[in-house]
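# Per-entry structural report
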Amino acid sequence: LEHDITLKENGFIADIEVVTPDVIVTDPDDLVDAISSHSKIGISNEATLRKLAELVNNGTNCSGKTIILTEDIDLENREWTAIGKNGSVFKGTFNGNGHKISHLKIDKQTVEAQGFFGGVGQSEIKNLSIVDCNIKGAGYTGGLCGFANASNISNCYVTGNINGNSDCTGGLVGYTVVSGTITNCYTKTNVTGASQTGGLVGTSNG
């Protein structure tokens, strides 16, 4: 069995099928209405991306919705708040559309579930790169996602430094559980952790 892992444009393993959103949100104050009114919501800037994290962490459910990046976004090493946490994970589809999030910084060595996503559940994450990240968390820390429950991740990659101050640290995902899949993904990361560490996934269960 042979697999073609020749990198495509912008470092992705698989070709990107670009998706056009129903609406592109440029003002973060418009994101709530966009999520409630449309199925495919485009995000084009840092402020709106941070608003997504705030909404999800406060209980907004994106099930049945597709969040689509329409631009590369540089977080400029400003502290990032992970999208999704225990009790309020991201549920839905996040399509990076072949774009990258760069200079993601997290310094929360006593807080679990750290990464671009803290936690995702019954979700699909695809076509996204996290580059030049610097992430420090406690348990369940990963470049793309701290923990993924019954979720499918495809055509993503991460570069940078990942440090977990407890169990389950991975370059891509800290901890996966319950019938999720990871395909066409890779990392070029420096990963350190207390135990259960891995270049791609720290620990997988189920």
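Please refer to the structure higher up on the page.
Residues numbered from 1 in each chain as written. Predicted model: local features only at pLDDT ≥ 70, side-chain atom pairs only at ≥ 80, totals over all residues. Heavy atoms only, no water.

### Side note on the environment of Val177
Threshold: Counting from the N terminus, the helices are the DSSP runs of H or I reaching at least four residues and the strands are the DSSP runs of E reaching at least two. Should any heavy atoms of two residues lie within 4.5 Å, those residues are counted as being in contact.
Within the element layout of this structure, Val177 appears in strand E13 (residues 173-177). Counting along the chain gives 29 residues from Val177 to Ala148, while the straight-line C-alpha distance between them is 6.4 Å. Not counting residues up to four positions away in its chain, the partners in contact with Val177 are Ala148, Asn149, Ala150 and Asn205.

### Notes on the nonpolar core
Going by this rule: By nonpolar core we mean a set of buried residues, namely Ala, Val, Leu, Ile, Met, Phe, Trp, Tyr and Cys, connected to one another through side-chain atoms within 4.5 Å. Any residue under 20% of the maximum accessible area for its type is buried, any over 50% is exposed, and the rest in between are partly exposed; the area is computed with a 1.4 Å probe on protein chains only.
Formed by 41 residues in total, the largest nonpolar core has its most connected members in Leu52, Phe90, Phe94, Ile101, Leu104, Phe116 and Leu144. In contact with Phe94, not counting residues within four places along its chain, are Leu49, Leu52, Ile67, Leu69, Phe116, Phe117, Glu124, Ile125, Lys126 and Leu128.

### Regarding the packing of aromatic side chains
Note the cut-off: Aromatic contacts are taken between Phe, Tyr and Trp rings whose centres are within 6.5 Å, Trp giving its six-membered ring; a plane angle under 30 degrees counts as stacked, one over 60 as edge-to-face, and the others as tilted.
This model, assessed by the stated rule, comprises eight aromatic pairs. With 5.7 Å between their ring centres and 75° between their planes, Phe94 and Phe116 make a pair best called edge-to-face. Residue Phe94 is found in strand E5 (residues 93-102), and its partner Phe116 is found in the loop between strand E6 (105-107) and strand E7 (117-121); the two are separated by 22 residues along the sequence. Phe116 matches Phe94 in its accessibility class, with the two residues each being buried.

### Notes on helix H2 (residues 46-57)
Our working definition: Every helix has an expected span of 1.5 Å times one less than the residues it contains.
The terminal C-alpha atoms of H2 lie 17 Å apart, and with twelve residues this matches the ideal 16 Å at 1.5 Å per residue to within 8%. Burial runs high along H2: nine of the twelve residues are buried. Restricting attention to buried positions, one finds in H2 the residues Glu46, Thr48, Leu49, Lys51, Leu52, Ala53, Leu55, Val56 and Asn57. Buried residues along H2 sit against strand E1 (23-25), helix H1 (31-37), strand E2 (40-43), strand E3 (66-69), strand E4 (73-74) and E5. Just downstream of H2, Gly59 is the residue with a positive phi angle, here 110°.

Read these as layout, nothing more, since geometry by itself doesn't imply function.
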